[in-house]
Amino acid sequence: MNRIPFWKMQGSGNDFVLIDHRRSFISDGERAGFARKVCAPKFGVGADGLIFLESSATVDFRWRFFNADGSEAEMCGNGGRCAARFAYLHGIAGEKMAFETLAGVIHAEVLDRRVKLELSPPHGLRLGLEIPLSAKTWTGHFINTGVPHVVLPLADLEAAPVTEVGRAIRFHSLFEPAGTNVNFIRRSGFRELQVRTYERGVEAETLACGTGSVAAALIASRLWGMASPVVVHPASGETLKIYFDAAGDIFRSVFLEGGAAVVFQGELWRDEL
Ligand SMILES: N[C@@H](CCC[C@H](N)C(=O)O)C(=O)O
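Residues numbered from 1 in each chain as written. Predicted model: local features only at pLDDT ≥ 70, side-chain atom pairs only at ≥ 80, totals over all residues. Heavy atoms only, no water.

Draft legend 1. Focus on the pairing of strand β16 (residues 240–247). Note: strand β15 (residues 230–234) against β16, 3 bridges, orientation antiparallel. Within the sheet, the bridge partner assigned to V230 lies in β16 and is I242. Pairing geometry for β16 and strand β17 (residues 250–259), over 6 bridges, is antiparallel. The partner of D245 across the bridge, within β17, is R252. Between the end of β16 and the start of β17, which pair antiparallel, lie 2 residues, with G248 showing a positive phi angle near 60°. (Pairing = 2+ DSSP bridges. Helix = DSSP H or I, 4+ residues; strand = E, 2+ residues; numbered from the N terminus.)

Draft legend 2. Looking closely at helix α3 (residues 162–170). Listed as buried for α3 are V162, V165, G166, I169 and R170. Within α3, the buried residues cover an arc of 135° as seen down the axis, which keeps them to one side. Here the buried face of α3 lies against β9 (123–132), β10 (137–144), β11 (148–153), β12 (181–189), β13 (192–199) and β14 (204–206). (Buried < 20%, exposed > 50% of the residue type's maximum accessible area, 1.4 Å probe, protein only. Arc of directions from axis to C-beta. Contact = heavy atoms within 4.5 Å.)

Draft legend 3. Structural detail: the environment of A93. Inspection of the secondary structure assignment puts A93 in the loop between α2 (77–89) and β6 (96–101). Accessibility expressed as a relative area gives 10% for A93, which makes it buried. Distance in space between the C-alpha atoms of A93 and G128 is 42 Å, their sequence separation being 35 residues.

Draft legend 4. Structural detail: the site of the ligand. Inspection of the region around the ligand gives 15 residues, with N14, N181, R200, G210 and T211 positioned closest. One of the side-chain nitrogen or oxygen atoms of N67 is found 2.8 Å away from an oxygen atom of the ligand. A distance of 2.7 Å separates an oxygen atom of the ligand from a polar backbone atom of G77. Within the complex, 100% of the 370 Å² of free accessible area of the ligand lies under protein. A majority-of-atoms criterion places the ligand in the largest cavity. Looking at the shell around the ligand residue by residue, the class counts come to 6 nonpolar, 7 polar and 2 charged. Lining the shell around the ligand are residues from two domains, each supplying at least three of them: domain 1 (3–119 + 260–272) and domain 2 (123–257). (Near = heavy atom within 4 Å. Polar contact = N/O pair within 3.5 Å; in protein donor to acceptor, adjacent residues only side chain to side chain. Areas by Shrake-Rupley, 256 points an atom, 1.4 Å probe, with all protein chains shown as cover. 1 Å grid on protein atoms, 1.4 Å probe; cavity = no way out; pocket = protein on both sides within 12 Å on 5 of 7 lines; lining within 4 Å. Sits in = over half its atoms within 2 Å of the grid points. Nonpolar A, V, L, I, M, F, W, Y, C, P; charged D, E, K, R; others polar. Domains from an automatic or database assignment.)

Draft legend 5. Spatial organisation of the domain arrangement of the chain. Domain assignment breaks the chain into domain 1 (3–119 + 260–272) and domain 2 (123–257). Centre-to-centre, using C-alpha coordinates, domain 1 lies 23 Å away from domain 2. If you look at the interface, domain 1 gives 23 residues, while domain 2 gives 26 residues. Roughly 1,900 Å² is buried in total at the junction of domain 1 and domain 2, and carbon and sulfur atoms are behind 52% of that figure. Counting across the interface, domain 1 meets domain 2 through 2 salt bridges. Counting across the interface, domain 1 meets domain 2 through 9 residue pairs in polar contact (both at pLDDT 80 or more). For the side of domain 1 that touches domain 2, the secondary-structure elements that each account for two or more residues are α2 and β8 (114–118). Residue contributions to the side of domain 1 that touches domain 2 peak at 5 residues, all from β8. By residue class, the composition of the side of domain 1 that touches domain 2 is 9 nonpolar, 7 polar and 7 charged. (Buried area = accessible area lost by both parts, 1.4 Å probe. Salt bridge = Lys/Arg side-chain N within 4 Å of Asp/Glu carboxyl O.)

Draft legend 6. Local environment of the pattern of salt bridges. Enumeration over the complete set of coordinates arrives at 13 salt bridges. Note that R114 is salt-bridged to E257, the shortest N-O span being 3.3 Å. Residue R114 is found in strand β8, and its partner E257 is found in strand β17; the two are separated by 143 residues along the sequence. A residue is classified by how much of its surface remains accessible, and R114, at 30% relative accessible area, is partly exposed. Taking the relative accessible area as the measure of exposure, E257 reaches 12% and is therefore buried.

Draft legend 7. Expanded view of the UniProt feature "binding site: substrate" (unreviewed entry) in the chain. Feature annotation in UniProt places "binding site: substrate" (unreviewed entry) on N14, N67, G77, N78, N181, E199, R200, G210 and T211, given in this structure's numbering. A maximum C-alpha distance of 14.5 Å is found for the annotated residues, which run over 198 residues; spatially they form one tight group. Lining residues of the largest cavity drawn from the annotated set just named are N67, N181, E199, R200 and T211. Note that N181 resides in strand β12. The exposure class assigned to N181 is buried, which follows from its relative accessible area of 4%. Once residues within four sequence positions are removed from consideration, N181 is found in contact with V147, P148, H149, V150, Y198, E199 and R200. Within polar-contact distance, the side chain of N181 engages the backbone oxygen of P148 at 3.0 Å. Ignoring sequence-local partners within four residues, the contact set of R200 consists of N67, A73, E74, V147, P148, R170, A178, G179, T180 and N181. (UniProt positions renumbered as here; feature names shortened; annotations may be inferred.)

In structure tokens:
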């Protein structure tokens, strides 16, 4: 297939190319390179990630999610909302659906232009991690909300060294071999947070990260007793809502709600990418 139909979507400013791949035409070995080409700004469409929607034997569909650098990620919260809305608008699923990811089965509900996802249970919580970097030792908190996240509370978020320190922690030996995403957070209200994220696989700050926003809310609940629902403002200025039940270190019924918008649709000219 040389002309490949795609949709460009964004969820809170995290942007994705989505392809209906139920009749598979890109082989496993080609996916990483294809994702790099499609996500490249200027030469491709330009996006933080590429999503293939594929058939599932058990639920509505399954996906394969690739970061802009061609690495495959287990989960993506903003991309998950876009995939759910794409599936709904293409008649692949109804308003309520379930889809397979490498992080488990995700449940989703399309609420017009917003989507509410129920994530698989977070795990791996580690509070008060000392992370030594050359200039200073940072204290961070780790949790896996589908993908790995470090959360660093900071008073002055505008001045946060997201790129420099984010990248150093992302590649720190403490988090090898998988690496981690890195979120700088600030409490901005009773149940509100501002979050800036350095994303693994994009290797830059993005405008928002859904699983990172969930990680921030769960860490805020453990550190400061912040109760559900927590409103998160990512760098894009959009609003994400996080719901959860907390019992000590265990989090259940974790939901992420936010927008999922179709930006444009087109055809990729595969031979010319
Ligand atoms: N932006 C996503 C997370 C995508 C995966 C991440 N870059 C990783 O490799 O861990 C989100 O909204 O959750």
